[in-house]
Amino acid sequence: MNSPLSHAPEVEVVVSDCSPEDAGSLFAELCRRFESDRCADDAPHRAEGSRPTMWTGTFDTSATHGEPRRAEPPPHLSGPVKAELQGEPRAVERLRRALDETFDVQQLGVVAGDQEVDVELRLESREPA
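Everything in this summary refers to the structure shown in the same document.

Here is what the cut-offs are and how they apply
Residues numbered from 1 in each chain as written. Predicted model: local features only at pLDDT ≥ 70, side-chain atom pairs only at ≥ 80, totals over all residues. Heavy atoms only, no water. Buried < 20%, exposed > 50% of the residue type's maximum accessible area, 1.4 Å probe, protein only. Helix = DSSP H or I, 4+ residues; strand = E, 2+ residues; numbered from the N terminus. Pairing = 2+ DSSP bridges. Salt bridge = Lys/Arg side-chain N within 4 Å of Asp/Glu carboxyl O. Phe/Tyr/Trp six-rings, centres within 6.5 Å; stacked < 30°, edge-to-face > 60°. Polar contact = N/O pair within 3.5 Å; in protein donor to acceptor, adjacent residues only side chain to side chain. Expected span 1.5 Å × (residues − 1). Arc of directions from axis to C-beta. Contact = heavy atoms within 4.5 Å.

Digging into the pairing of strand β6 (residues 117-124)
- On β6, burial follows the alternation: Val117, Val119, Leu121 and Leu123 on one face are buried, whereas Asp118, Glu120, Arg122 and Glu124 on the facing-out side are not.
- Inspection of the sheet shows strand β4 (residues 81-87) paired to β6 by 7 bridges, in the antiparallel sense. Counted as the bridge partner of Leu85 is Val119 from β6.
- Where strand β5 (residues 104-112) meets β6, 8 bridges bridge the pair, whose relative direction is antiparallel. Of the residues in β6, the one forming a bridge with Val105 is Leu123.
- Where β5 folds back on β6, the antiparallel hairpin that results is connected by 4 residues.

Have a look at this one:
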């Protein structure tokens, strides 16, 4: 008899095609919402050389930080940011909803497996109302 799989709440986020400052803003926003292996003030830096730089963080979508309302304006991104979310589908959707509340989000692609999904997003700052 097959037993149901337990919900795995962690989502790995890989950020690329952006400045270290924009990666830091995105990670700080996610740290404001979820427990993480990153500190909110852990500033990404660009690696030396000609290779593309990617930054990663793991976020526990079951451990939220209270009320998601904010006192200050949402972070501003200087340009588009590419983010890849990988994890159990419900956890990825929970993190995606948090991003939708803060940024303009365009889904670029999705690869779904039996127990995991990989979603590629393009994030941009929201235009002021």
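Some details on the pattern of salt bridges
- Inspection of every chain in the model, using the stated rule, returns 8 salt bridges.
- Put simply, Glu93 and Arg97 hold a salt bridge, and the shortest N to O gap is 4.0 Å. Here Glu93 pairs with Arg97, and both are found in helix α2 (residues 89-102), just 4 residues apart, close to one helical turn.
- Note on Glu93: relative accessible area 39%, which makes it partly exposed.
- One salt bridge connects Asp104 with Arg126, and the closest N-O pair in it is separated by 3.7 Å. Here the residue Asp104 occupies a position in strand β5, and Arg126 occupies one in the segment after β6, the gap between them amounting to 22 residues.
- You can call Asp104 partly exposed: its relative accessible area is 38%.

Digging into the packing of aromatic side chains
- In this structure the tally under the stated criterion is 1 aromatic pair.
- Between Phe27 and Phe59 the ring centres are 6.0 Å apart and the planes differ by 20°, which places this aromatic pair in the stacked class. One end of the pair, Phe27, is in helix α1 (residues 20-33); the other, Phe59, is in strand β3 (residues 54-64), and 32 residues separate them in sequence. Residue Phe27 shares its accessibility class with Phe59, and that shared class is buried.

Some remarks on the side chain of Ser19
- One can find Ser19 in the loop between β1 (10-16) and α1.
- By relative accessible area, which is 18% here, Ser19 ends up buried.
- A polar atom in the side chain of Ser19 sits 3.0 Å from the backbone nitrogen of Asp22.

Considerations on α2
- Here α2 spans 20 Å end to end across 14 residues, near enough to the 20 Å set by a 1.5 Å rise per residue.
- Of the positions making up α2, those classed as buried are Ala91, Val92, Leu95, Arg96, Ala98, Leu99 and Thr102. Within α2, the buried residues cover an arc of 155° as seen down the axis, which keeps them to one side.
- Capping the start of α2 is the job of one residue whose side-chain oxygen sits 3.0 Å from the backbone nitrogen of Arg90: Glu88.

As for the side chain of Arg96
- Its place among the elements puts Arg96 in helix α2.
- Dropping the residues within four chain positions of it, Arg96 is found in contact with Leu85, Val105, Gln107 and Leu121.

Taken by themselves, the reported measurements are silent on function.
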